[in-house]
Amino acid sequence: MTFTYQKSLEMFKRASKVIPTGIYGHLGPAEGCFIPSNAYPFFSERAKGAYFWDVDGNKFIDYMCAYGPNILGYNDEDVDAAALKQAALGNCVTSPSSKMVELAELMVDTVAMADWAFFAKNGGDVTSLAVMVARAATGRKKVILIKGGYHGVAPWTQKLGYPAITEEDVANNIYVDWNRYDQVEKIVKENPGEIACFMATPYHHPVFEDNELPKDDYWQKIRKLCTDNGIVLAIDDVRCGFRLDIEGSDHYFGFKADLMCFCKAIANGWNISALCGTDALKDAISSVMYTGSYWLSAVPIAASIECIKKLKKIDAPKLAQSLGKKLTDGLVKIGKSHGFDLVVTGVPSMWYMRIANDDSMILHQEWVAECVKRGAFFVNHHNQFINCALTEDDIKLTYDIADEAFKVVKNRHPEIE
Ligand SMILES: Cc1ncc(COP(=O)(O)O)c(C=O)c1O
């Protein structure tokens, strides 16, 4: 028996009347990320540990982890207890809670490059702030970015030709290919004294494409180039942060960023983001006008303190990497036994996978859909995520689901050897 989604569909019809596109952004079907759309639930009812339940009562092992925030397991009891305790004391208050100082101290103790921390709500708040800080510090405008990189939805991060984006929004962006130091060096030479910032994710994790780690000396060369030319090196660790290294992903790859953007995994789903930086940029960030109504709210701050302490205690990046390695090694093996070449890229705690027997993604979309309809929630366009509540039994169950899904796709495609 495979899952059906009657209530999800009914809810989606109601949603479409009162919410633009029903479910906007990457969580909804309008962006073409859920193909075929009838394989996916649209609305959830509850979540616990490595699982979520949809409105039809279907239970999924969740390998998307809310696109990253779920790192310890949904509704982690320690994190939620800290949040609720703080809620009883106060959340959004005229003066910030002293918990904010505690969290900043913890971030500075935890993240190798950090001398200070600034809190906001979403990843995009702090990637935009990083660019502003770089501009304030250097008095320059231009920013080097990686083609296919994602830093949020602020107009400067979008592409010309997208609705509502003007030439002025993106006029100062210069794009290079990932892992091409020579291109970055050329841009820096051609724009002397004009580049404020180089911003990239610690490794390349675009959508619909294999993910790519940095070449051996890539970051060390970029670091030196930035230092030699007065360019701020800003790392967008919104997605990778604390899934590679509790000290930051720059530390994982052996270099030191000037600015680091954190969000998803820092509070296990409570809404907070952080920009960390070095002392050299403290005056620059202090000079920038930047704030929001809920940015200093104490509940997510209390949750984040507990989350980071727990991540350190259980060495979450190491655990997530080993769980991810076990899972993906098994999936590759099972795929092979059915004649499928499942290619896994990125890092195991947030791997990207793709059936490479055809270039069209059709086989991959079909296999992912069959997994979802049996209770293993993957998506076919984006990297997946591991959370630390995942058990060996969950991994075994995923193997069984994947095996069945490969069989179904193979029966549909007898051409596969
Ligand atoms: C690498 C990266 N940067 C920035 C963002 C934007 O974060 P948010 O959606 O919280 O604004 C994301 C979100 O997926 C991301 O993955």
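In what follows, the structure referred to is the one given above.
Keep in mind it's a predicted model, so treat the numbers as computed, not measured.

To continue, consider the overall build of the chain. In terms of helices and strands, the chain carries 13 helices and 13 strands. Against the globule reference of 22 Å for 417 residues, the chain gives a C-alpha radius of gyration of 22 Å, in line with a compact fold. Its C-alpha atoms give the chain principal-axis dimensions of roughly 60 × 55 × 45 Å. Taken over 417 residues, the chain has a buried fraction of 55%. Taking the intrachain contacts of the chain between residues at least 6 apart in sequence as the baseline, contacts between residues at least 24 apart amount to 74%. For the chain, the accessible area works out to roughly 18,600 Å², and carbon and sulfur atoms hold 54% of it. A gap of 1 Å separates the mean positions of the 44 positive and 53 negative side-chain charges of the chain.

What follows covers a nonpolar patch on the surface. A cluster of nonpolar side chains, contributed by Val 18, Ile 19 and Tyr 24, occupies part of the molecular surface with about 340 Å² of accessible area. Within the secondary structure, Ile 19 sits in the loop between helix 1 (6-18) and strand 1 (44-48).

Right, let's get into the pattern of salt bridges. If the charged atoms of two oppositely charged side chains come close together, the side chains can form a pair. In the structure shown here, the tally under the stated rule is 20 salt bridges. When the shortest N-O distance is used, the salt bridge between Asp 182 and Arg 180 registers 2.8 Å. The class for Arg 180 is partly exposed, based on a relative accessible area of 34%. When the shortest N-O distance is used, the salt bridge between Lys 221 and Asp 217 registers 3.8 Å. Under the relative-accessibility criterion, Lys 221 is labelled partly exposed at 35%. For Asp 217, a relative accessible area of 37% translates into the label partly exposed. Salt bridges here are not isolated pairs; linked through shared partners, they connect Glu 366, Glu 370, Lys 373, Arg 374 and Arg 412.

Taken together, the seven strands give an open sheet; going across it, the order is 4-10-9-8-7-5-6, and neighbouring strands pair in mixed fashion. Unpaired on one side and paired on the other, strand 4 (116-120) and strand 6 (173-176) mark the two borders of the sheet. On average, each strand axis in the sheet is tilted by 20 degrees relative to the strand beside it, whichever way the strands run. For strand 5 (residues 142-146) and strand 7 (residues 195-200), the ladder comprises three bridges, and the chain directions are parallel. Pairing of Lys 142 across the sheet is with Ile 195, part of strand 7.

By nearness alone, every residue bordering the ligand is listed as Asn 122, Gly 123, Gly 124, Tyr 150, His 151, Gly 152, Thr 201, His 205, Asp 236, Val 238, Arg 239 and Lys 264. Between Gly 123 and the ligand, the recorded distance is 2.7 Å, taken from a backbone N or O atom to an oxygen atom. One of the side-chain N or O atoms of Arg 239 is found 2.9 Å from an oxygen atom in the ligand. Relative to its unbound accessible area of 390 Å², the ligand is 86% covered by the protein chains. A class-by-class count of the residues in the shell around the ligand yields two nonpolar, seven polar and three charged.

This part covers helix 13 (residues 392-412). The end-to-end C-alpha separation of helix 13 is 30 Å, in line with the 30 Å expected for 21 residues at 1.5 Å each. All of the buried residues along helix 13 are Asp 394, Ile 395, Thr 398, Tyr 399, Ile 401, Ala 402, Ala 405, Phe 406, Val 408 and Val 409. Among the structural elements, strand 2 (51-54), strand 3 (59-62), helix 11 (316-337), strand 12 (352-355), helix 12 (362-372) and strand 13 (376-377) are those in contact with the buried residues of helix 13.

On to the packing of helix 3 (residues 99-110) against helix 10 (residues 298-313). Interaxial distance between helix 3 and helix 10 falls to 9 Å at its minimum, and their mutual angle equals 30 degrees. In terms of orientation, helix 3 and helix 10 fall into the roughly parallel class. In this structure, helix 3 meets helix 10 at a crossing whose hand is left-handed. Here Lys 99, Met 100, Glu 102, Leu 103, Leu 106, Met 107, Asp 109 and Thr 110 of helix 3 come into contact with helix 10, specifically with Ile 301, Ala 302, Ser 304, Ile 305, Ile 308, Lys 309 and Lys 312. Among the residues forming the contact of helix 3 with helix 10, the class breakdown is eight nonpolar, two polar and five charged.

A few words now on the sheet that holds strand 3. Here we have four strands laid out as an open sheet, ordered 1-2-3-13, and mixed in their pairing. Pairing within the sheet leaves two strands with one partner each, and these edge strands are strand 1 and strand 13. Alignment of strand 2 against strand 3, held across three bridges, turns out to be antiparallel. Bridging across to strand 3, Trp 53 finds its partner in Lys 59.

For the rest of this paragraph, the subject is the side chain of Asn 380. Mapping Asn 380 onto the fold places it in the loop between strand 13 and helix 13. Polar side-chain contacts of Asn 380 include one of 3.4 Å to the backbone oxygen of Ile 35. Reaching out from Asn 380, the side chain makes a polar contact with the side chain of Tyr 40 at a distance of 3.4 Å. With residues up to four places along the chain from it excluded, the contact list for Asn 380 reads Cys 33, Ile 35, Tyr 40, Tyr 352, Met 361, His 364, Gln 365 and Val 368.

Moving on, we get to the packing of aromatic side chains. Scanning all chains against the criterion turns up 24 aromatic pairs. By the ring-pair criterion, three or more aromatic residues cluster together here, those being Phe 3, Phe 34, Tyr 40, Phe 52, Phe 60 and Phe 377. If you follow Arg 46 out to its NZ or CZ, it ends over the ring of Trp 53, 3.9 Å from the centre. Directly above the ring of Tyr 51 sits Lys 59, whose terminal nitrogen or CZ lies 4.4 Å from the centroid.

Rules behind the numbers
Residues numbered from 1 in each chain as written. Predicted model: local features only at pLDDT ≥ 70, side-chain atom pairs only at ≥ 80, totals over all residues. Heavy atoms only, no water. Helix = DSSP H or I, 4+ residues; strand = E, 2+ residues; numbered from the N terminus. Rg over C-alpha atoms; globule rule 2.2 N^0.38 Å. Buried < 20%, exposed > 50% of the residue type's maximum accessible area, 1.4 Å probe, protein only. Contact = heavy atoms within 4.5 Å. Areas by Shrake-Rupley, 256 points an atom, 1.4 Å probe, with all protein chains shown as cover. Lys, Arg positive; Asp, Glu negative; His and termini not counted. Charge placed at Lys NZ, Arg CZ, Asp CG, Glu CD. Patch = residues over 30% accessible without salt bridge, like charges linked within 9 Å, V, L, I, M, F, W, Y side chains within 5 Å. Salt bridge = Lys/Arg side-chain N within 4 Å of Asp/Glu carboxyl O. Pairing = 2+ DSSP bridges. Axes fitted to C-alpha atoms, helices over the stretch in contact; angles between N-to-C directions. Near = heavy atom within 4 Å. Polar contact = N/O pair within 3.5 Å; in protein donor to acceptor, adjacent residues only side chain to side chain. Nonpolar A, V, L, I, M, F, W, Y, C, P; charged D, E, K, R; others polar. Expected span 1.5 Å × (residues − 1). Parallel < 35°, antiparallel > 145°, perpendicular 65-115°, else oblique. Left-handed = near helix turned anticlockwise from the far one by under 90°. Phe/Tyr/Trp six-rings, centres within 6.5 Å; stacked < 30°, edge-to-face > 60°. Lys NZ or Arg CZ within 6 Å of the ring centre and 35° of its normal.

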